[in-house]
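Chain residues, written in single-letter form:
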Amino acid sequence: MTELQYPCLYLFIGIFGILSLMFGIYPLIKSIMLSFHDSATVFTNPRFIGMENYLEIFGDSYFWDSFQVTIFFTAVSVVLNLVAALCLAQLLSYKGVKRGALFFKLAVFIPFITPDVVGALVWKQFFNTNGALNQLLGIIGFAPVNWLNEAFTAVGALIFIELWKHVGLYTIIFLTNYQLIDTTMYEAAGMDGANAWQRYWYITLPALRPAFVLNAVYAFIQFMKTYSVSRLITFGGPNYATNFVSYYAYTKYERMDFGEATAIATVLFAFIIILTLVGMKMGDKGNED
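It should be emphasised that the depicted structure is a prediction, and the values quoted were computed from it without experimental measurement.

Parameters and conventions
Residues numbered from 1 in each chain as written. Predicted model: local features only at pLDDT ≥ 70, side-chain atom pairs only at ≥ 80, totals over all residues. Heavy atoms only, no water. Axes fitted to C-alpha atoms, helices over the stretch in contact; angles between N-to-C directions. Helix = DSSP H or I, 4+ residues; strand = E, 2+ residues; numbered from the N terminus. Parallel < 35°, antiparallel > 145°, perpendicular 65-115°, else oblique. Left-handed = near helix turned anticlockwise from the far one by under 90°. Contact = heavy atoms within 4.5 Å. Nonpolar A, V, L, I, M, F, W, Y, C, P; charged D, E, K, R; others polar. pLDDT = per-residue confidence, 0-100. Phe/Tyr/Trp six-rings, centres within 6.5 Å; stacked < 30°, edge-to-face > 60°. Buried < 20%, exposed > 50% of the residue type's maximum accessible area, 1.4 Å probe, protein only.

> Just checking my understanding: could you explain the packing of helix α4 (residues 101-113) against helix α7 (residues 151-178) for this structure?
Helix-helix packing is characterised by the crossing angle of the two axes and by the distance between the axes. It is the contact of α4 with α7, at a shortest axis distance of 6 Å, that shows an interaxial angle of 130 degrees. Judged by the inter-axis angle, α4 sits oblique to α7. Both α4 and α7 take part in a crossing whose hand is left-handed. Of the residues in α7, those touching α4 at Lys105, Val108, Phe109, Pro111, Phe112 and Ile113 are Trp164, Lys165, His166, Gly168, Leu169, Thr171, Ile172 and Leu175. A per-class count over the contact of α4 with α7 returns nine nonpolar, three polar and two charged.

> Help me out: how do you make sense of the confidence of the model for the protein in this one?
Do not read the predicted coordinates in detail wherever pLDDT is low. In the predicted model, the protein carries a mean pLDDT of 88, and 94% of its residues have values of at least 70. Looking at the elements of the protein, mean pLDDT is at its lowest for helix α8 (residues 184-191), recorded as 82, and at its highest for helix α3 (residues 61-92), recorded as 95.

> For this particular structure, what's the right way to read the packing of aromatic side chains?
Each aromatic ring pair is described using two quantities: the centre-to-centre distance and the angle formed by the ring planes. Applying the stated criterion across every chain yields a total of 29 aromatic pairs. Both rings, one in phenylalanine 73 and one in phenylalanine 244, keep their centres 4.6 Å apart while their planes meet at 50 degrees; by these two values the pair is tilted. Taken together, the residues phenylalanine 73 in helix α3 and phenylalanine 244 in the loop between α11 (228-234) and α12 (245-254) connect sequence positions 171 residues apart. The class for phenylalanine 244 is buried, based on a relative accessible area of 2%.

Structure follows, in structure tokens:
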């Protein structure tokens, strides 16, 4: 790299740093500070009230219900996305799909770059009582289902939508890791008498560990902060079945409970950071072993 290129490098880093401070770090610090103030005074003369907002949400049964809903949704979504992505990556890595590999990769990845609002509204129409899914069920002789008006089916619909939305990214990450595996190890294992399952279990899966850790951490962060599908499709219902923590914080904000809303957001942020660090630490330890 020549001396002329260094100023450009510093310029780009500086711009990124300034934007991160303006739209990332500063709002985060401001939000945390706001969580220690009375909601009614935040726009006039902020009154410091210490931990009152936190004590209020910790004593709120709706907050704990939303936390449980979010944990369940995240656990199921992470497992389904990783399993589906692993299977898709395995299929796309076969030599037999080389001719259409680019098409299938694009087909899998395009939902990830589709705007959340567009995807959510399309799927909302699909799962509506008079939507395409119930029309298909009617054609084959089944009664219509209130997909978005029953707790079990509403949660299942959102899990499916988020799977459609995010599995493409995890698939590409797995697929990239697949391409880094030394194929000579499979040849050597075959010569030693290892069957296909043994080669997959003892060579492929250990080699995919970095992708597993990266995908698991990213998926955990992504699904813990799920908001758009709840806001655009179910509005936290039915009967609070999809009242995720992020959406519950938003409802607090709508009611002008800014202190409690930011307290909920801060608790969620701290929880995600702690579990992410634990997960990364466990992943690094596994790689060392």
